[in-house]
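Here are the chains, one letter per residue:
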Amino acid sequence: MKLGLGLPHLGPLASPGAIRSVAMTAEAVGFDSLWAMDRLLAPVTPRTLAYPGSSDGTLPAAQQTVIDPLVALTVAATVTEHVTLGTDVLVAPWYPPVLLGRTLAAIDQVSNGRLVVGLGLGWSIDEFEAVGVLMTRRGQRIEESLDVLSAVWSDDTIDIRTAHERIAPSVMGAKPIQRPRPPILLGAHSDAGLERIARRADGWLPFGLPLDDIEQQWMGIQRLAERSGRDPAALQLVVRADPQVDAKPGGRHRTAFTGSLSEVTTDIERVQEIGATELILDFHTSARTVDDIIDWALCLTQPTRAAA
């Protein structure tokens, strides 16, 4: 199982200097990837209480400060050479897909072919209204986005029409380094979302789910992929965790990746047993210093790295 880190592009530590420091150190000590997530704003009185992994559905206070995830990945790309750079996740319906395709292709070029594109549907009505996009038909919109991204990245002459855009025969010559395109992972937990992963994505990015649910849904995705004529073994399972380590055990009813050091490391081992290809550790809600991010990540993954 590969090991990745969330970049410090959100929370009290968020700064270009912190991003550069963590990126360089993570690569130097052997982590495999660096990740950034989408968050536009933190409503004072949120109308949607659905944040994954939260006991009451509210956003962590750390998410009141966010550096744009694509800027964060670009900064990380300029100071590293080998680690993968991923989005976990971008809210696809917010972005005109042709512009998103252009930006992501540029990041893949800047990183010399190290980009992984993680996309999701979003869930906050406040954020959707802020960008002037309707929340309805998000599933249809991400299907269209995938169609446009594929065309922009792969076709010599782009000629595509969706319900939202028309690209008349045109040339966009700045393609990603990775051919035919960078890997696309999707975050989802609905039946329709899991079916979409099985049908057309390169993998799944779950977050905030009980580990038993991840295992069951992952097996379901693999079955659906096989029915769609795809190789289930080719799909990636990339799990994101926001570890919260406490001096006291959390007990049998604790949330995954919370509790004592032993409990959290046991959860990490369980993710590997489920069949995850990669685990992302994100400390934006708990780290007090930039050094904490690397130190805690090394501590929590020591058994996994020792067994590798």
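Thresholds applied
- Residues numbered from 1 in each chain as written.
- Predicted model: local features only at pLDDT ≥ 70, side-chain atom pairs only at ≥ 80, totals over all residues.
- Heavy atoms only, no water.
- Helix = DSSP H or I, 4+ residues; strand = E, 2+ residues; numbered from the N terminus.
- Expected span 1.5 Å × (residues − 1).
- Contact = heavy atoms within 4.5 Å.
- Pairing = 2+ DSSP bridges.
- Core = buried A, V, L, I, M, F, W, Y, C linked by side-chain atoms within 4.5 Å.
- Buried < 20%, exposed > 50% of the residue type's maximum accessible area, 1.4 Å probe, protein only.
- Right-handed = clockwise from strand over helix to strand, strands pointing away.
- Salt bridge = Lys/Arg side-chain N within 4 Å of Asp/Glu carboxyl O.

A. Spatial organisation of helix H5 (residues 138-154). Its 17 residues place the ends of H5 24 Å apart at the C-alpha level, agreeing with the 24 Å of an ideal helix rising 1.5 Å per residue. Summarising the contacts, the buried residues of H5 are in contact with helix H3 (97-110), strand S5 (115-120), strand S6 (158-161), strand S7 (166-170), strand S8 (184-186) and helix H6 (191-200).

B. How the structure looks around the pairing of strand S3 (residues 84-87). Relative to S3, strand S2 (residues 33-36) is paired through four bridges, and the arrangement is parallel. By the bridge assignment for S3, Leu34 is matched with Leu85. When S3 meets S5, the two strands line up parallel, connected through two bridges. In the sheet register, Leu85 faces S5, and the bridge partner there is Leu115.

C. Examining the nonpolar core more closely. Counting residues in each nonpolar core, the largest one holds 69 residues, and the members touching the most others are Leu5, Leu34, Leu119, Trp204 and Leu279. Within the second largest apolar cluster, seven residues are counted, among which are Trp35, Leu185, Leu205 and Val238.

D. View of the pairing of strand S10 (residues 236-241). Among the six residues in S10, five count as buried, and that is most of the element. Pairing of strand S9 (residues 203-204) with S10, which is carried by two bridges, proceeds in the parallel orientation. Bridge pairing in S10 places Trp204 opposite Leu237. Remark: the S9/helix H7 (residues 211-227)/S10 crossover connection has right-handed handedness. Examined bridge by bridge, S10 and strand S13 (residues 278-281) share four bridges and lie parallel to one another. Within the sheet, the bridge partner assigned to Val239 lies in S13 and is Leu279.

E. A look at the pattern of salt bridges. Applying the stated rule across the entire model yields 17 salt bridges. Taking the shortest distance from any N to any O, the salt bridge between Asp126 and Arg47 comes out at 3.1 Å. Residue Asp126 is found in helix H4 (residues 125-131), and its partner Arg47 is found in the loop between S2 and helix H2 (69-78); the two are separated by 79 residues along the sequence. Where Arg270 meets Asp212, a salt bridge forms, and the shortest distance between an N and an O atom there is 2.7 Å. Of this pair, Arg270 sits in helix H8 (residues 261-274) while Asp212 sits in helix H7; the two residues are 58 residues apart in sequence, bridging distant segments of the chain.

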